[in-house]
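The residues making up each chain are set out below.
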Number of protein chains: 2
Amino acid sequence: MLVLITYDINTQTPLGRKRLRQVAKQCVNYGQRVQNSVFECVLDAAKCREVQHTLEKIIDKDKDSLRFYYLGNNYKGKVVHIGAKESFDVEDTLII
Amino acid sequence: MLVLITYDINTQTPLGRKRLRQVAKQCVNYGQRVQNSVFECVLDAAKCREVQHTLEKIIDKDKDSLRFYYLGNNYKGKVVHIGAKESFDVEDTLII
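Residues numbered from 1 in each chain as written. Chains lettered and ligands numbered in written order. Predicted model: local features only at pLDDT ≥ 70, side-chain atom pairs only at ≥ 80, totals over all residues. Heavy atoms only, no water.

Enquirer: Sorry, what's going on with the environment of Ile-59 of chain B here?
Expert: Structurally, the position occupied by Ile-59 of chain B is in the loop between α2 (45–58) and β4 (65–70). In this structure, Ile-59 of chain B is in contact with Ile-82 and Gly-83 of chain A together with Ile-9, Arg-19, Val-23, Asp-64 and Leu-66 of chain B, ignoring residues within four places of it in sequence. (Helix = DSSP H or I, 4+ residues; strand = E, 2+ residues; numbered from the N terminus. Contact = heavy atoms within 4.5 Å.)

Following this line, the structure appears as structure tokens:
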């Protein structure tokens, strides 16, 4: 199924910036980066649980936000993209 | 239906920062901000087209990225949130 992972990591501290890098690095292992803090991953149920568990361990739950959207198997036609394809790499930049 | 709007606006220039503000301002009119650049909107088909058209006019298609995910009407259970800033149900009444 298609799983969309979106996150907001509070990067006001060096530790926050480290968490951001760690989250992004893990997400790359599971899917395709489509925007700076949005990944699309095609995963089975076991992998879904795995990535959720992995990211949950990295984030600071008081400061960071992590969301998963389960788009099922028939996801073609449910996604519309407009504009630039490549996300610019700003892992060390605050995304607002 | 639930429509997820995600965006990356290139904010390297003042014009880019202006586009970011404009996109966010428009999105607020249609739904609930759940992360910095992620909005959840419950919209009918006409409103979907409207917001897509509105945002398309604001962004710079060479620099910015805009994505729409259509999660249908049965979206409860398809969204998992972990960490800070739990959003309220977009279909519930906001009580302040």
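Enquirer: Mind showing me how you'd approach the sheet that holds strand β1 (residues 2–8) of chain A here?
Expert: Pairing between sheet strands relies on hydrogen bonds along the backbone, with the strands arranged either parallel or antiparallel. Spatially, 5 strands are ordered β2(A)-β3(A)-β1(A)-β4(A)-β5(B) in an open sheet, and the strand pairing comes out antiparallel. The sheet is open, and its two edges are formed by β2 (32–35) of chain A together with β5 (79–83) of chain B, each paired on a single side. Along the sheet, successive strands turn relative to each other by an average axial angle of 20°, direction set aside. Across 5 bridges, the pairing between β1 of chain A and strand β3 (residues 38–42) of chain A is antiparallel. Residue pairing in the sheet places Thr-6 of chain A in a bridge with Val-38 of chain A of β3 of chain A. Helix α2 (residues 45–58) of chain A contacts β1 and β4 (65–70) of chain A together with β5 of chain B of the sheet and is inclined by roughly 170° relative to β4 of chain A. (Pairing = 2+ DSSP bridges. Axes fitted to C-alpha atoms, helices over the stretch in contact; angles between N-to-C directions.)

Enquirer: Explanation requested: the sheet that holds strand β3 (residues 38–42) of chain B in the structure shown.
Expert: Strand order in the open sheet formed by 5 strands is β5(A)-β4(B)-β1(B)-β3(B)-β2(B), and the pairing between neighbours is antiparallel. Since the sheet does not close on itself, it has two edges, and those belong to β5 (79–83) of chain A together with β2 (32–35) of chain B, each with one partner. Geometrically, the sheet is characterised by an average inter-axis angle of 20° between neighbouring strands, direction not taken into account.

Enquirer: Could you clarify how one ought to interpret the UniProt feature "binding site: Mg(2+)" (unreviewed entry) in chain A in this entry?
Expert: Here the UniProt-annotated "binding site: Mg(2+)" (unreviewed entry) positions come out as Asp-8 of chain A. Position of Asp-8 of chain A relative to the elements: it lies in strand β1. Note on Asp-8 of chain A: relative accessible area 7%, which makes it buried. Apart from residues lying up to four places away in sequence, Asp-8 of chain A is in contact with Asp-64 and Ser-65 of chain A together with Gln-35, Asn-36 and Lys-85 of chain B. (UniProt positions renumbered as here; feature names shortened; annotations may be inferred. Buried < 20%, exposed > 50% of the residue type's maximum accessible area, 1.4 Å probe, protein only.)

Enquirer: Would you take a moment to explain the pairing of β4 of chain A for this structure?
Expert: In the case of a regular strand, side chains alternate between the two sheet surfaces. When you tally the buried positions in β4 of chain A, you get 6 out of 6 residues, the bulk of the element. Both faces of β4 of chain A are covered, namely the face carrying Ser-65, Arg-67 and Tyr-69 of chain A and the face carrying Leu-66, Phe-68 and Tyr-70 of chain A. Two elements, β4 of chain A and β5 of chain B, share 5 bridges in a ladder whose sense is antiparallel. The residue bridging Arg-67 of chain A from the neighbouring strand is His-81 of chain B, located in β5 of chain B.

Enquirer: Can you walk me through the relation of the copies chain B and chain A in this structure?
Expert: Here the second copy of the chain follows from the first by a rotation about an axis and a shift along it. If you rotate chain B by 180° and push it 0.0 Å along the axis, it lands on chain A with an RMSD of 0.1 Å. One copy is carried onto the other by what is essentially a two-fold rotation axis. Relative to the rotation axis, the C-alpha of Leu-71 of chain B is the closest in chain B, positioned 3.3 Å from it. When the interface residues of chain B are mapped onto chain A, 86% of them again fall at the interface, so both copies present the same face. (Least-squares fit on C-alpha atoms with pLDDT ≥ 70 in both.)

Enquirer: Even after reading the chapter, I still don't get the side chain of His-81 of chain B, so can you show me in this structure?
Expert: All names here are of chain B. Turning to its location among the elements, His-81 is positioned in strand β5. Looking at His-81, the relative accessible area reads 16%, which means it is buried. Among the polar contacts made by the side chain of His-81, one reaches the main-chain carbonyl oxygen of Gly-83 at a distance of 3.1 Å. Among the polar contacts listed, one links the side chain of His-81 to the backbone oxygen of Ala-84, at a separation of 2.9 Å. (Polar contact = N/O pair within 3.5 Å; in protein donor to acceptor, adjacent residues only side chain to side chain.)

Enquirer: Explanation requested: helix α1 (residues 14–30) of chain B in the structure shown.
Expert: Because the α-helix completes a turn every 3.6 residues, residues three or four places apart line up on one side. Residue and element names in this part refer to chain B. Between the first and last C-alpha of α1 there are 25 Å, a value that for 17 residues agrees with the 24 Å anticipated at 1.5 Å per step. When α1 is considered as a whole, its buried residues turn out to be Gly-16, Arg-19, Leu-20, Val-23, Ala-24, Cys-27 and Tyr-30. Down the axis, α1 shows its buried residues gathered within 130° of arc, on one side only. Exposed side of α1, more than 90 degrees from the buried face: Pro-14, Leu-15, Arg-21, Lys-25, Val-28 and Asn-29 are the residues found there. On its buried face, α1 sits against β1 (2–8), β2, β3 and α2. (Expected span 1.5 Å × (residues − 1). Arc of directions from axis to C-beta.)

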